[in-house]
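# A look at the structure
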Amino acid sequence: VLEEQRKKFYMTKSELKSIKERIEEKAKLLQSYNNESNYILNEIDNLSKDIFDIRSTREKVVELNKALEERKAKLDSINKREVELEKIIHTNEYEIDSQNKIIEKISKIDVCPLCKSKITPEHIHSIKDEISPKISSLTLEIGSSREELGEISCSRIELKQEIEALSQEIYKRNSDILK
């Protein structure tokens, strides 16, 4: 009877030791899982801090890209218009200069090359009267062209800012989607 109890005691002691070892293994495994989950939670927190907008989607990026392309097209359009206006200004200034030179030359010559008569102050005055409306019209066109150039300059600044902002937002949203 004593021998049986001793066997039971050693068996129980052995089982208890085995159970303690399994508990220690499970505790280590649990600690490992806790460490891993803490690491993952920290990574999620770090990524969350860097996220621009949690609701970023591919559709939103496509929409922003369309808006960006529209702004770029508008910028190209105003750049072309600017070139046109600069040509108009240059051409009109050249024409005004030419008209003024005609008046100056007429006053220096004695015989009109068109009508072959002697140049009189009335003749010079009639030529000036004929040329003055042209010069006035060209001057007005230059003024309106310069005014439009000023508006284009303001629009260009706005468009460039919008393009930069859209580009940055697209970059951030693409980054969000990857994260």
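Residues numbered from 1 in each chain as written. Predicted model: local features only at pLDDT ≥ 70, side-chain atom pairs only at ≥ 80, totals over all residues. Heavy atoms only, no water.

### Looking at the pattern of salt bridges
Evaluation of the coordinates by the stated rule reveals nine salt bridges. For the salt bridge of Arg-156 with Glu-82, the shortest nitrogen-to-oxygen distance reads 2.4 Å. In this pair, Arg-156 is assigned in helix H3 (residues 121-178) and Glu-82 in helix H2 (residues 58-108), connecting sequence segments 74 residues apart. Each member of the pair Arg-156 and Glu-82 is classed as buried. Here Glu-104 makes a salt bridge to Lys-108, at a shortest N to O gap of 3.5 Å. With a gap of four residues between them, Glu-104 and Lys-108 both fall in helix H2, about one helical turn apart. (Salt bridge = Lys/Arg side-chain N within 4 Å of Asp/Glu carboxyl O. Helix = DSSP H or I, 4+ residues; strand = E, 2+ residues; numbered from the N terminus. Buried < 20%, exposed > 50% of the residue type's maximum accessible area, 1.4 Å probe, protein only.)

### Quick notes on the packing of aromatic side chains
Counted by the stated rule, this structure contains one aromatic pair. Consider the rings of Phe-9 and Tyr-10, whose centres lie 5.5 Å apart with planes at 65°: the pair is edge-to-face. Taking relative accessible area as the criterion, Tyr-10 reaches 49% and is therefore assigned partly exposed. (Phe/Tyr/Trp six-rings, centres within 6.5 Å; stacked < 30°, edge-to-face > 60°.)

### Considering the side chain of Ser-145
Checked against the element boundaries, Ser-145 lands in helix H3. Ignoring anything within four residues of it in the chain, the contact list for Ser-145 reads Leu-85, Ile-88 and Ile-89. (Contact = heavy atoms within 4.5 Å.)

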